[in-house]
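A closer look at the structure
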Amino acid sequence: MKKILLLNGPNLNLLGQRQPEIYGSETLDDVVATCTDLGATLGFEVEAHQSNHEGVIVDWIQDARGVVAGIVINPGALSHTSVAILDALNAFEGPVMEVHISNIHKRERFRHHSYVSGRAEGVIAGLGTEGYGFALRRLATLLA
Ligand code: CA2
């Protein structure tokens, strides 16, 4: 069974615990459970990780090379700062979908640019945690 990597960056472990007006009430565990079930329906194994540390995320992306079919990533605040994550994604051969729970374009100016967007096949922002499911479905289409 093909594998999809679901990566979440800094502070996304706090989903459902703080700022529900921005990020909703679902926890990260809820998101992972929904994506795991949807992945199985679509014929994919979903491997999910979250880290608050840039280098750890870079390591997971590097380890995905040759093993993982596609990546869904919400890099969190690292979207706006991390050339290292962009470089790691550029070294990964499969399709990448970028997800933001909030609409980053409706927020502070510094959130409007994401280094990852220039690498991603698609970018989903502002659809809440539902965006992860849409990203997964799009990857399934791209990998069919
Ligand atoms: O909208 C998104 O998904 C973001 O990637 C979330 C990041 C933010 O820095 C990006 O600009 C947009 C922040 C994640 C923080 O997540 C929290 C969740 C609940 C409570 C506190 C933080």
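The numbers attached to residues start from 1 for each chain and follow its sequence in the written order. A pLDDT threshold of at least 70 governs which residues receive local features in this predicted model, and a stricter bar of 80 or more applies before side-chain atom pairs are shown or counted, although totals over entire chains, interfaces and linings include all residues. To get the side-chain values, all heavy atoms of the structure are used, and hydrogens and water are removed first.

**Focus: the environment of E45**
Which entries qualify depends on this criterion: Counting from the N terminus, the helices are DSSP H or I runs at least four residues long and the strands are E runs at least two residues long. Under the scheme applied here, a residue whose accessible area is under 20% of the maximum for its type counts as buried, over 50% as exposed, and between as partly exposed, the area being computed with a 1.4 Å probe on protein chains only.
With respect to the element layout, E45 can be found in strand β2 (residues 44-50). In this structure E45 comes out as partly exposed when scored by relative accessible area, which is 38%. Along the primary structure E45 and A69 are separated by 24 residues, whereas in three dimensions their C-alpha atoms are 10.0 Å apart.

**Overview of helix α4 (residues 83-90)**
Operational definition: What the arc covers is the set of directions going from the helix axis to the C-beta atoms. Two N or O atoms form a polar contact when they lie within 3.5 Å of each other; inside protein one atom must be a possible hydrogen donor and the other a possible acceptor, and for residues adjacent in sequence the pair counts only when both atoms belong to side chains.
Along α4, the residues classified as buried are I85, L86, A88 and L89. Down the axis, α4 shows its buried residues gathered within 165° of arc, on one side only. For α4, the N-terminal capping position is held by S82, with its side-chain oxygen 3.4 Å away from the main-chain nitrogen of A84.

**Quick word on the packing of helix α2 (residues 28-42) against helix α5 (residues 130-143)**
Let me state the cut-off plainly: Here the axes come from fitting lines to C-alpha atoms, over the contacting stretch only for helices, and the angles between their N-to-C directions go from 0 to 180 degrees. Our angle categories are set so that under 35 degrees counts as roughly parallel, over 145 as roughly antiparallel, 65 to 115 as roughly perpendicular, and the remainder as oblique. The crossing is said to be left-handed when, going from far helix to near helix, the turn is anticlockwise and less than a right angle, and right-handed when the turn is clockwise. Contact criterion: two residues are considered in contact whenever any of their non-hydrogen atoms come within 4.5 Å of each other. Here the nonpolar group is Ala, Val, Leu, Ile, Met, Phe, Trp, Tyr, Cys and Pro; Asp, Glu, Lys and Arg are the charged ones; every other residue, Gly included, is treated as polar.
Here α2 crosses α5 at 25°, and the two axes come no closer than 10 Å. Taken as axis vectors, α2 and α5 run roughly parallel relative to one another. Considering only the axes of α2 and α5, their crossing is right-handed. Residue-level contacts link V31, C35, L38, G39 and L42 of α2 to Y132, G133, L136, R137 and A140 of α5. Per-class residue counts for the contact of α2 with α5 are 7 nonpolar, 2 polar and 1 charged.

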